[in-house]
Structures are given as C-alpha cells and as structure tokens.
Amino acid sequence: GQQLNQSPQSMFIQEGEDVSMNCTSSSIFNTWLWYKQDPGEGPVLLIALYKAGELTSNGRLTAQFGITRKDSFLNISASIPSDVGIYFCAGRVSGTYKYIFGTGTRLKVLA
Amino acid sequence: GAVVSQHPSWVICKSGTSVKIECRSLDFQATTMFWYRQFPKQSLMLMATSNEGSKATYEQGVEKDKFLINHASLTLSTLTVTSAHPEDSSFYICSARIGGQGNEKLFFGSGTQLSVL
C-alpha cells in the first residue's frame, strides 16, 4: 500500500536552531497536511498545502508542497522548548477523501 | 480551528465487553469522519471512513464486525469495539473533515486510550 516516509526519524536540536524535515512517497498526493502531536493527545493541524510548489507559513513554521507532488517539507525557525513533540505529515490519497500519515519525526529541543 | 470532541479520553474494560467511543464536531457539520488507531511510538493507521447516513468504509485488514461505526448525524460518529480483547488495547483517534477541494482540512479529537484487561 501507499506509504509516507518521514525523515529524519528523530532529532535533537539546540534552542534557537532551525529545523527541517521532509515527507516522501512513491505516490502522488493532492493535499498535504502537517500536524504536531503531544503525548496522549490528538494531532493538531499546523499547515495545509493544496498545490504543487505551494509555500505556506504559519508563524515560525513554513511548509512546501513538492513540485513532483510526491513530497513535502516542513521547516521550523528559531526552535523553542515547546516545539518538542512528534510531527506528522499526512497526504490525501488521490481520488479519495482519505488521508494516510507519515512515519513521524520526533523532535527534542535542548534548552 | 474547528473543534472535534472525543469521549471518553480513556477507558478500561474487561475482556469480552464492548466499548463505545464518541466523536463530535462541535462547531461544524462533517459528512465525513475518520477513525485512526495508534500504537505506542507509531504513526496513525486509518481504520475506516465514516460517512453520514451510509455505511462506513473499512481499510483492508480491519474487521467491520469488530469495529462498528455509526455516523447517524452530521456532528456525531461512534466507534464500538465489540467483544474487546487485550490486543485491541490502543489509542483510538477520530477526525472530521471540513471544507472542500482546495481548502479542506482534517481536525482531530483528543483521542481515547483503551485498555482491555
């Protein structure tokens, strides 16, 4: 079945550093959603992307819809301790309303 | 953003009993809701698509008689885990779809931790 691979799987960074992560697939997706999940909670929507090449920001977060429509990227600038959590990408399966989730990137910020 | 309420947040039950989880869209109507399952330190796995007024669509490998889904109104979907067993213990999360092509989003409930003894 379709899979979304996220990279890196986990990362430790210093407070104030910028963070980059990506989500790749062998399949084409029509919509990309990026989420952050804290332990024991549901995912919280960060950014939504709808067109190939689209670049969208939400505060310190910036995400891009890859030109090939098979990947997406999320950047976090000037990280702070509350950025700790797991970040997931989700892609909408072509021809459906279903979304499948990436494998996740676990972010840990060192103060 | 839109608010999705999920209840209960956690439940402990005996093996063989059934558990019902509710998912409500509080400030919008949702013709489509989704149920996901998540094991510790893993990603979310789509179980089924819940469609208002019609039968749910289950993903491959998900037993429809085991996980009963009802979407009786535009703001409520329920997942019933029937005859629960310890292997059903997991974190169950619902989401509701809002918007259309070009602006749709998925908002999630806070999840339900199910522990089957």
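Shown above is the structure to which this text applies.
Draft legend 1. Here's a closer look at the interface of chain A and chain B. Taken residue by residue, the interface counts 20 residues in chain A and 22 residues in chain B. Summing the contributions of chain A and of chain B, the shared interface buries around 1,700 Å²; its carbon and sulfur component is 59%. When the area that chain A buries against chain B is broken down by residue, the three leading residues are Y50, Y97 and Y99 of chain A, summing to 30%. The tally of links from chain A across to chain B stands at two salt bridges. Its salt-bridge partner being E104 of chain B, residue R92 of chain A comes within 2.9 Å of it at the nearest N-O pair. The interface formed by chain A and chain B includes 10 residue pairs in polar contact (both at pLDDT 80 or more). Tallying contributions element by element places strand β4 (residues 29-37) of chain A first for the side of chain A that touches chain B, with four residues.

Draft legend 2. Here's a closer look at the sheet that holds strand β3 (residues 19-25) of chain B. Residue and element names in this part refer to chain B. The four strands lie next to each other as β1-β3-β8-β7, forming an open sheet whose pairing is antiparallel. Here the strands that pair on one side only, and so sit at the sheet edges, are β1 (4-7) and β7 (67-73). Sheet twist, expressed as the mean angle between neighbouring strand axes with direction ignored, is 15°. Strand direction decides the pairing type here: β1 and β3, joined by four bridges, are antiparallel.

Draft legend 3. Representation of the sheet that holds strand β7 (residues 61-65) of chain A in the model. Residues and elements named next belong to chain A. With antiparallel pairing, five strands are arranged side by side in an open sheet as β1-β3-β8-β7-β6. Whereas interior strands pair on both sides, the edge strands pair on one side only; in this sheet they are β1 (5-7) and β6 (55-58). Neighbour to neighbour, the strand axes of the sheet diverge by 15° on average, direction disregarded. The sheet contact formed by β1 and strand β3 (residues 19-24) spans three bridges and is antiparallel. Its bridge partner being in β3, N5 is matched across the sheet by T24.

Draft legend 4. Summary view of the environment of I47 of chain A. Residues and elements named next belong to chain A. Tracing the backbone through its elements, the reader meets I47 in strand β5 (residues 44-49). For I47, a relative accessible area of 3% puts it in the buried group. Once you skip the residues sitting within four places of it in the chain, I47 turns out to touch W32, L33, W34, T56, S57, N58, L61, T62, A63 and L74.

Draft legend 5. Highlighting the nonpolar core. Core analysis: the biggest nonpolar cluster contains 43 residues, and L33, Y35 and F101 of chain A together with Y36, L106, F108 and L114 of chain B have the highest contact counts within it. In terms of residue count, the dominant contributor to this core is strand β9 (residues 90-98) of chain B (five residues). Apart from the residues lying within four places of it in its own chain, the contact partners of L33 of chain A are L45, I47, A48, F88, C89, A90 and Y99 of chain A together with E104 and L106 of chain B.

Draft legend 6. Representation of a nonpolar patch on the surface. Residues and elements named next belong to chain B. Residues W10, I12 and L117 make up a contiguous nonpolar surface patch of roughly 400 Å² in combined accessible area. Note on placement: L117 falls in the segment after β11 (112-116). Relative accessible area serves as the criterion here: at 65%, L117 is assigned to the exposed category.

Draft legend 7. Highlighting the side chain of K66 of chain B. All names here are of chain B. Within the secondary structure layout, K66 lies in the loop between β6 (57-58) and β7. A residue is classified by how much of its surface remains accessible, and K66, at 12% relative accessible area, is buried. Of the polar contacts made by the side chain of K66, one reaches the backbone oxygen of S83; its length is 2.7 Å. In this structure, K66 is in contact with T80, V81, T82, S83, A84, H85 and D88, ignoring residues within four places of it in sequence.

Rules used throughout
Residues numbered from 1 in each chain as written. Chains lettered and ligands numbered in written order. Predicted model: local features only at pLDDT ≥ 70, side-chain atom pairs only at ≥ 80, totals over all residues. Heavy atoms only, no water. Contact = heavy atoms within 4.5 Å. Buried area = accessible area lost by both parts, 1.4 Å probe. Salt bridge = Lys/Arg side-chain N within 4 Å of Asp/Glu carboxyl O. Polar contact = N/O pair within 3.5 Å; in protein donor to acceptor, adjacent residues only side chain to side chain. Helix = DSSP H or I, 4+ residues; strand = E, 2+ residues; numbered from the N terminus. Pairing = 2+ DSSP bridges. Axes fitted to C-alpha atoms, helices over the stretch in contact; angles between N-to-C directions. Buried < 20%, exposed > 50% of the residue type's maximum accessible area, 1.4 Å probe, protein only. Core = buried A, V, L, I, M, F, W, Y, C linked by side-chain atoms within 4.5 Å. Patch = residues over 30% accessible without salt bridge, like charges linked within 9 Å, V, L, I, M, F, W, Y side chains within 5 Å. Areas by Shrake-Rupley, 256 points an atom, 1.4 Å probe, with all protein chains shown as cover.

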